[in-house]
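A structural walkthrough
In case you want the letters, here they are:
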Amino acid sequence: MITPVISATGLWTPPNSISNEELVESFNAWSDQWNAEHAAEIEAGTVEPKPQSSVEFIEKASGIKSRYVIDKSGIVDPNTMRPNIPERPNEEISVLAEIAVNAAKQALEAAGRKPEDVDAVLCAASNMQRGYPAMAVEIQDALGIQGFGFDMNVACSSATFGIQTAADFVRSGSAKSVLMVNPEICSGHLNFTDRDSHFIFGDVATAVLIEAEDIAPANHWKILGTHLKTQFSNNIRNNFGFLNRCAPEGIGAEDKLFVQEGRKVFKEVVPMVAKMIQSELDRLNLEAPELRRMWLHQANANMNRLIASKVLGRDATADESPTVLDTYANTSSAGSIIAFHKHQSDIKPGEKGLICSFGAGYSAGTVFVEKAA
């Protein structure tokens, strides 16, 4: 049996950061402007006025303090309220592929790999820039990798689903080295005029190199076990797609961007994920205290705190369950990989950890790892 391992990771962070103060200022200016334009309808009671946002509300609800984005100018402009990302000609690399390549190059360099050493590319992300050709194939071409590539989308769980898929390719002998990338331009599908969600997402790209143990670099991570779960729910949804043009009356409606029932998600996902983690611990004959670190999906600080406490039987320390949510916000599939990338250098050989993601679907994935000796 060929054993798959994680050889290296990569992270590309956009140069633009938006603080909660900046985001609130633009939202409130837009809200005031909208209310002024609809003053007659508000007075008549036919429409509700748009509320104000606040830094205190954002931080209490999510734990987010700032986020990185591809474009800042359009988001903080009350007359635009969306990122400005110009469409590129077909002859030029697409923006999603470009940021994936940036992260991938870091992972390849960290593992001492050349493009010709890699057999496959998986692009696992929440929202692909187009239907086809697959983003993975464009990324593969830009890097000069042979073999094959394809896209996969399981929303915020895409990275853990991608790791298991890559690990299965290695186990089967279909590939010895698989590059899994997570380019996330989440600002593109976020409704910046919705008070309850305008602060949630940021942009980023991550990469994970999964390889056969016999070719992996010395400082790799053994994959002890992976587990995936899906359970249908409408509580997190995005109805944007090519069929929208067939029902033009709905084009531009709020549900063509990210929408969620946050309280329902919290109530239903926390016990599902905690139970899943415990079940996998049992299957692998591990005890919760053996987990040196948990790199959880970075969506909501309160959610992570509760999941970690259910697993450990007590509150987790910042060292046991690190967060990047405060500066990166929710980066969908990339969140747990950012946490893993930035908070792994102090882990000693033989120590174990958990990469875990969860989100729309519902979907959830666990990857238990051990630092190689």
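See above for the structure.
Throughout what follows, the structure given in this document is the object of discussion. The shown structure was predicted, so the numbers you read here are calculated from the model rather than taken from an experiment. (Residues numbered from 1 in each chain as written. Predicted model: local features only at pLDDT ≥ 70, side-chain atom pairs only at ≥ 80, totals over all residues. Heavy atoms only, no water.)

Remarks on the pattern of salt bridges
Going by this rule: The term salt bridge refers to a side-chain nitrogen of Lys or Arg lying within 4 Å of a carboxyl oxygen of Asp or Glu. Numbering goes from the N terminus for both helices and strands, where a helix is a DSSP run of H or I of at least four residues and a strand is a run of E of at least two. Type-normalised accessible area, obtained with a 1.4 Å probe on protein chains alone, sets the label of each residue: buried when under 20%, exposed when over 50%, and partly exposed for intermediate values.
If you walk through the whole model with that rule in mind, you get 17 salt bridges. A salt bridge links lysine 72 to glutamate 22; the nearest nitrogen and oxygen atoms lie 2.8 Å apart. Remark: glutamate 22 occurs in helix α1 (residues 20–37) and lysine 72 occurs in the loop between β3 (66–69) and α4 (95–111); sequence separation between them is 50 residues. On the accessibility criterion, glutamate 22 (29% relative accessible area) is partly exposed. What emerges from the salt-bridge pattern is a single network uniting Arg292, Arg293, Asp319, Asp346 and Glu351.

Considerations on the packing of helix α7 (residues 262–283) against helix α8 (residues 301–312)
Short version of the rule: Note on geometry: axes are C-alpha line fits, over the in-contact stretch for helices, and angles between N-to-C directions span 0 to 180 degrees. In this scheme the crossing of two helices becomes right-handed for a clockwise turn of the near helix relative to the far one and left-handed for an anticlockwise turn of less than a right angle. Contact definition: two residues touch when any of their heavy atoms are within 4.5 Å. The residue classification treats Ala, Val, Leu, Ile, Met, Phe, Trp, Tyr, Cys and Pro as nonpolar and Asp, Glu, Lys and Arg as charged. All others, Gly included, are polar.
Look at α7 against α8: their axes get within 9 Å of each other, and the N-to-C directions meet at 35°. Classified by chirality, the crossing of α8 by α7 is right-handed. Where α7 abuts α8, its residues Val265, Phe266, Val269, Val270, Val273, Ala274, Ile277, Gln278 and Leu281 lie against Asn302, Met303, Leu306, Ile307, Lys310 and Val311. When its residues are assigned to classes, the contact of α7 with α8 shows 12 nonpolar, two polar and one charged.

Observations regarding the nonpolar core
Where we set the bar: Residues grouped as a nonpolar core are buried Ala, Val, Leu, Ile, Met, Phe, Trp, Tyr and Cys residues, joined through side-chain atoms within 4.5 Å.
Formed by 49 residues in total, the largest nonpolar core has its most connected members in Val273, Ile277, Leu281, Met294, Ile307, Phe358 and Phe368. Sorting the residues of this core by element identifies α1, α3 (55–62), α7, β11 (291–296), α8, β12 (352–359) and β13 (363–371) as the ones contributing at least two each. Counting residues per element, this core draws most heavily on α7, which supplies eight residues. Ignoring sequence-local partners within four residues, the contact set of methionine 294 consists of Ala308, Val311, Leu312, Glu320, Ser321, Pro322 and Leu354.

Remarks on the packing of aromatic side chains
Under the convention used in this document: Pairing of aromatic rings covers Phe, Tyr and the six-membered ring of Trp, with a centre-to-centre limit of 6.5 Å; geometry is then stacked below 30 degrees between planes, edge-to-face above 60, and tilted otherwise. Any Lys NZ or Arg CZ that is within 6 Å of a ring centre and within 35 degrees of that ring's normal is treated as a charge sitting over the ring.
With the rule as written, the count across this model stands at nine aromatic pairs. Pairing tryptophan 221 with tryptophan 295 gives two aromatic rings, centres 5.7 Å apart and planes at 90°, and the pair type is edge-to-face. Remark: tryptophan 295 occurs in strand β11 and tryptophan 221 occurs in strand β8 (residues 221–230); sequence separation between them is 74 residues. When sorted by exposure, tryptophan 221 lands in the same class as tryptophan 295, which is buried. Residues tryptophan 221 and phenylalanine 340 carry aromatic rings whose centres are separated by 5.2 Å and whose planes lie at 65° to one another, so their mutual orientation is edge-to-face. Taken together, the positions of tryptophan 221 in strand β8 and phenylalanine 340 in helix α10 (residues 335–342) put the pair 119 residues apart, joining distant regions of the chain. Take tryptophan 221: its relative accessible area is 2%, and that puts it in the buried class. Here the aromatic cluster, defined as three or more aromatic residues joined through ring pairs, consists of Phe148, Phe150 and Phe169. Residue placement shows lysine 50 over the ring face of tryptophan 34; its charged tip is 4.8 Å from the ring centre. Across from the ring centre of phenylalanine 57, 3.9 Å away, lies the NZ or CZ of arginine 195, which sits over that ring.

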